[in-house]
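# Chains, contacts and geometry: an overview
Here are the chains, one letter per residue:
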Amino acid sequence: MFAAKAQYALTPKFSVALGIDYLSGQKDGESKVTHFDPLYGTHHKFYGTMDYFYASAFGNKGLSDLYVSLVFKPVNKLTVDLTYHNFTSAQDISVNDVNKKGLGSEFDLTLTYPFRPYIVMQGGYSMMFGTDAFFHIKGGSKDKTQNWAFLSLNINPELFSSWSK
């Protein structure tokens, strides 16, 4: 596994980020385990907010997530993040006797507003555009829209602290 991300502030209100997350995969018929398995889902931190990869069963073909983000801060505290993900498999996936690696694209729009340092409201909307290889592995239908929206209120109070002089 490896991950890399670079972010650049174009102006005080606009920034752009480019990144890649990569998980190695297992070749068909290979007896030695060579795929990276994160074991547990990361709940929106990696691989798009729709959690199609590794928060749910995906197999051992590996994953490459190349993404670009535009981050906009229109007013004090409010952050708007639009991210495009391009997903590919690290190993070939046979679909109707044709090897494919492309899994699809996802768009994630996330708005974040902290009311206080320990109270943050976050909402978002995402759409996934899967390929034949994606639906071959995950199931479902390419003819149905894959979208998801959420709204959350995160409260993280500081219960215990220590003071040092």
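Right above here is the structure, for reference.
In this report, we go over the structure that sits alongside the text. Source: prediction; values computed, not measured. (Residues numbered from 1 in each chain as written. Predicted model: local features only at pLDDT ≥ 70, side-chain atom pairs only at ≥ 80, totals over all residues. Heavy atoms only, no water.)

## Remarks on the overall build of the protein
Of regular secondary structure, the protein possesses one helix and seven strands. Walking the protein from its N terminus toward its C terminus, one meets helices and strands in the order β-β-β-β-β-β-α-β. Taken over 165 residues, the protein has a buried fraction of 31%. Put simply, the protein shows about 10800 Å² of open surface, and 58% of that area lies on carbon and sulfur atoms. (Helix = DSSP H or I, 4+ residues; strand = E, 2+ residues; numbered from the N terminus. Buried < 20%, exposed > 50% of the residue type's maximum accessible area, 1.4 Å probe, protein only. Areas by Shrake-Rupley, 256 points an atom, 1.4 Å probe, with all protein chains shown as cover.)

## Considerations on the environment of Asn-96
Looking at the element boundaries, Asn-96 is found in the loop between strand E4 (79–95) and strand E5 (98–116). Taking the C-alpha atoms as reference points, Asn-96 and His-136, 40 residues apart in sequence, are found 9.6 Å from one another.

## Describing the sheet that holds strand E1 (residues 2–9)
Whether parallel or antiparallel, the strands of a sheet pair through hydrogen bonds between backbone atoms. Spatial strand order, E1-E2-E3-E4-E5-E6-E7: seven strands in an open sheet with antiparallel pairing. Since the sheet does not close on itself, it has two edges, and those belong to E1 and strand E7 (146–155), each with one partner. On average, each strand axis in the sheet is inclined to that of its neighbour by 15 degrees, with strand direction left out of account. Alignment of strand E6 (residues 119–130) against E7, held across 10 bridges, turns out to be antiparallel. Opposite Met-127, over in E7, you have Asn-147 as the bridge partner. (Pairing = 2+ DSSP bridges. Axes fitted to C-alpha atoms, helices over the stretch in contact; angles between N-to-C directions.)

## Observations concerning the packing of aromatic side chains
Geometrically, a pair of aromatic rings is defined through the distance of the ring centres and the angle of the planes. Overall, the coordinates contain nine aromatic pairs when judged by the stated rule. Residues Phe-14 and Phe-72 carry aromatic rings whose centres are separated by 4.6 Å and whose planes lie at 20 degrees to one another, so their mutual orientation is stacked. Pair noted here: Phe-14 is in strand E2 (residues 14–23) and Phe-72 is in strand E3 (residues 63–72), with a separation of 58 residues, a long-range link. Here Phe-14 falls in the partly exposed class, since its relative accessible area comes to 42%. A network of ring pairs unites the aromatic residues Tyr-52, Phe-134 and Phe-135 as a single cluster. (Phe/Tyr/Trp six-rings, centres within 6.5 Å; stacked < 30°, edge-to-face > 60°.)

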